[in-house]
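Fold and contact review
Residues per chain, in single letters:
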Amino acid sequence: MNTPAPILDRLKAAVGEAGWSQDPDRLAPKLVEWRDRWTGATPLLLLPRTVEEVAAIVRLCAQSGTAIIPQGGNTGLVGGQIPRGEVLLSTEKLNRVREVAADDDVMVVEAGVTLQAAQEDAAAAGRFFPLSLAAEGTATIGGNISTNAGGTAVLRYGTMRDLVLGLEAVLPNGEIFHGLKRLRKDNTGYDLKQLLIGAEGTLGVVTAAALKLFPVLRDRAVATVALASPADAIALLHRAKAESGGAVEAFELMNALGISFAQKNLGLRPPLEGAPPWAALIEIASAEPGHAARAMERLLASALEDGLISDAAVAQNDTQAMAMWAVREGQSAAQKPEGAAWKHDISVPISQVAAFIARASAEAIKLQPGARIVAFGHVGDGNIHYDVLRPEGGTDEAHAALRDQGARTVHDIAVSLGGSISAEHGLGAMKSAEALRYKSAAEVAALRAIRQALDPQRIMNPRVLF
Ligand SMILES: Cc1cc2nc3c(=O)[nH]c(=O)nc-3n(C[C@H](O)[C@H](O)[C@H](O)COP(=O)(O)OP(=O)(O)OC[C@H]3O[C@@H](n4cnc5c(N)ncnc54)[C@H](O)[C@@H]3O)c2cc1C
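Residues numbered from 1 in each chain as written. Predicted model: local features only at pLDDT ≥ 70, side-chain atom pairs only at ≥ 80, totals over all residues. Heavy atoms only, no water.

For the rest of this paragraph, the subject is the overall build of the protein. Each helix and strand counted, the protein has 17 helices and 16 strands in total. For 466 residues, the compact-globule formula gives about 23 Å, and the C-alpha radius of gyration of the protein, at 23 Å, lands near that figure. On the principal axes, the C-alpha backbone points of the protein span a range of 70 × 55 × 45 Å. In the protein, which comprises 466 residues, the proportion classed as buried is 53%. (Helix = DSSP H or I, 4+ residues; strand = E, 2+ residues; numbered from the N terminus. Rg over C-alpha atoms; globule rule 2.2 N^0.38 Å. Buried < 20%, exposed > 50% of the residue type's maximum accessible area, 1.4 Å probe, protein only.)

This part takes up the domain arrangement of the protein. Each domain of the protein was delimited in the assignment, giving domain 1 (5-90), domain 2 (97-212), domain 3 (219-329) and domain 4 (339-426). Counting residues at the interface gives nine residues for domain 2 and six residues for domain 4. When the two sides are added together, the surface that domain 2 and domain 4 hide from each other amounts to roughly 500 Å², 47% of it contributed by carbon and sulfur. Where domain 2 touches domain 4, the interface holds zero salt bridges. Our count for the contact surface shared by domain 2 and domain 4 stands at three residue pairs in polar contact (both at pLDDT 80 or more). In terms of residue class, the side of domain 2 that touches domain 4 is made up of three nonpolar, five polar and one charged. (Domains from an automatic or database assignment. Contact = heavy atoms within 4.5 Å. Buried area = accessible area lost by both parts, 1.4 Å probe. Salt bridge = Lys/Arg side-chain N within 4 Å of Asp/Glu carboxyl O. Polar contact = N/O pair within 3.5 Å; in protein donor to acceptor, adjacent residues only side chain to side chain. Nonpolar A, V, L, I, M, F, W, Y, C, P; charged D, E, K, R; others polar.)

Buried residues dominate strand β9 (residues 205-212), accounting for seven of its eight residues. Pairing analysis gives five bridges linking strand β6 (residues 106-110) to β9, with the strands arranged antiparallel. Within the sheet, the bridge partner assigned to Val-109 lies in β9 and is Ala-209. Taken together, the six bridges between strand β7 (residues 164-170) and β9 define a ladder with antiparallel strand orientation. The partner of Glu-168 across the bridge, within β9, is Ala-208. (Pairing = 2+ DSSP bridges.)

As for its placement among the helices and strands, Thr-224 is situated in strand β10 (residues 219-227). If sequence neighbours within four positions are ignored, Thr-224 has contacts with Pro-271, Leu-272, Ala-279, Ala-280, Leu-281, Asp-311, Ala-312, Ala-313 and Met-324.

Around the ligand sit 35 residues, and of these Pro-70, Gly-72, Thr-75, Gly-76 and Thr-140 come closest. A distance of 2.7 Å separates an oxygen atom of the ligand from a polar atom in the backbone of Gly-76. Within the backbone of Glu-200, an N or O atom sits 3.3 Å from an oxygen atom of the ligand. The fraction of the free accessible surface of the ligand (980 Å²) that becomes covered by protein chains is 96%. The set of elements that each furnish at least two residues to the shell around the ligand consists of β3 (68-71), α5 (141-146) and β9. Here the element with the most residues in the shell around the ligand is α5; it accounts for four residues. Class assignment for the residues of the shell around the ligand results in 11 nonpolar, 22 polar and two charged. (Near = heavy atom within 4 Å. Areas by Shrake-Rupley, 256 points an atom, 1.4 Å probe, with all protein chains shown as cover.)

Judged by pairing direction, the sheet is antiparallel, and its five strands sit side by side in the order β5-β6-β9-β7-β8 without closing on themselves. Each end of this open sheet is capped by a strand with a single partner; those strands are β5 (97-101) and β8 (176-179). With direction set aside, neighbouring strand axes in the sheet form an average angle of 15 degrees. Pairing of β7 with β8, which is carried by four bridges, proceeds in the antiparallel orientation. Paired with Val-170 across the two strands is Ile-176, which belongs to β8. (Axes fitted to C-alpha atoms, helices over the stretch in contact; angles between N-to-C directions.)

Attention now moves to the packing of helix α1 (residues 5-15) against helix α3 (residues 51-64). Running from N to C, α1 and α3 cross one another at 165 degrees; their axes reach a closest spacing of 9 Å. Taken together, the axes of α1 and α3 are roughly antiparallel relative to one another. For the crossing formed where α1 meets α3, the hand is right-handed. Of the residues in α3, those in contact with Ile-7, Arg-10, Leu-11, Ala-14 and Val-15 of α1 are Glu-53, Ala-56, Ile-57, Leu-60, Cys-61, Gln-63 and Ser-64. A per-class count over the contact of α1 with α3 returns eight nonpolar, two polar and two charged. (Parallel < 35°, antiparallel > 145°, perpendicular 65-115°, else oblique. Left-handed = near helix turned anticlockwise from the far one by under 90°.)

Before going further, it helps to examine the nonpolar core. For soluble globular proteins, the rule of thumb is that nonpolar side chains tend to be buried together. Counting residues in each nonpolar core, the largest one holds 44 residues, and the members touching the most others are Leu-236, Phe-251, Phe-356, Ile-384 and Tyr-386. No other element matches helix α11 (residues 291-306), which puts six residues into this core. Counting residues domain by domain, this core receives three or more from each of domain 3 (219-329) and domain 4 (339-426). Of all hydrophobic cores here, the second largest spans 34 residues; its members include Val-109, Ala-118, Ile-141 and Leu-203. (Core = buried A, V, L, I, M, F, W, Y, C linked by side-chain atoms within 4.5 Å.)

This is the structure we're talking about:
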């Protein structure tokens, strides 16, 4: 992909001196993804500061047929933000929180604001923005919207799709969509905002969003429990929901190997003694003082009595709660020193989680004897990060050579159980082709028609989706 120099010059002129870079050191961190699986290239990094500058860039790209990739925090796990010769538009300078409107329970933030900054500004105004994920210090609101991010609080608050009330975006022809509504009800036909959510940068550049805010729930209880199996985890999840009156904020599964890697490779203390085969981190939150702790106590007492759990550690203060969360949030990073892995982000109906893990593990071991399996994640949403690491003593190359076959096997099992091959990370460069196997011809044709109508030249993130 070779963008002619005069077009690059016009793009530079649209944003002025401070709005672009070709400095290799400035570009480098934006061209490598978090797992080091993809390294990209771009002739030009654009750093617009306003929606008008974004519109000018996209208009020029549309006029000249120049492909363009939007990038937020570059924490995406499917490679959709990494250019392969396309122009790269970073939202890092679209970084203002425009308004926190507490009376509307809404905040309006620009796309490049980090998730953590949005959470902090909401908190400063006495409100709660619930999306939460381990990369929140770097991931941006624009990236969260474009991947329809999930994270640890979906169980109670839904995914990003449920948390966006309005959007401002630049469409692939360079027109601005002024859709920053704050309405909870708006039944006026097709919903362009929902099309842009989860579009992974293929239908335009998100420049700002109106986000839903919630009351702050100060009363919290956090515990980690020891379980014999994923089936027991699901039984406990249902019991926790009932016991707390729907106040379960997070219910996260980990296996013994994943916890041991967090200890070995990140120096984190396991929350439970004796390395149980499975553990769940449970958080209950309530506005009523004492409710969360009482619900947790009842839950754990009954589960211990029935033998549903064999041990439990309850956080006695914020420091202990954070230590428990660190083990859960470190599950991905802790695998890195262990070498190559086949990584999957699947979802199945909650009732099928145990069957998925059993079947996938049997097949993975058949394909790669000695493979080490780390299964963890948002089990309350039926979302398992199912990672198959190379056998001890094996080589990265031999393991990576089986990655596609492994992915197909794991994905086939998830889909056969009524599941999805991408629960929350999106398709990106990694899974777009794979996803075609599981969608009907009718669905793919309709989706392609939408894209063709909005972006007939396919200039927006051309290698991603259908
Ligand atoms: C340690 C770790 C833990 C994670 N945990 C979770 C988790 O629990 N749940 C979860 O859902 N994800 C998780 N992720 C994945 C990642 O953080 C999310 O996908 C996040 O939403 C990406 O945001 P970003 O700003 O980094 O986007 P990027 O990586 O920059 O981009 C992701 C995609 O969105 C597009 N895009 C970015 N900004 C815009 C924009 N303004 N307009 C249009 N398109 C845009 C890009 O082109 C690309 O296709 C995790 C990642 C890491 C590294």
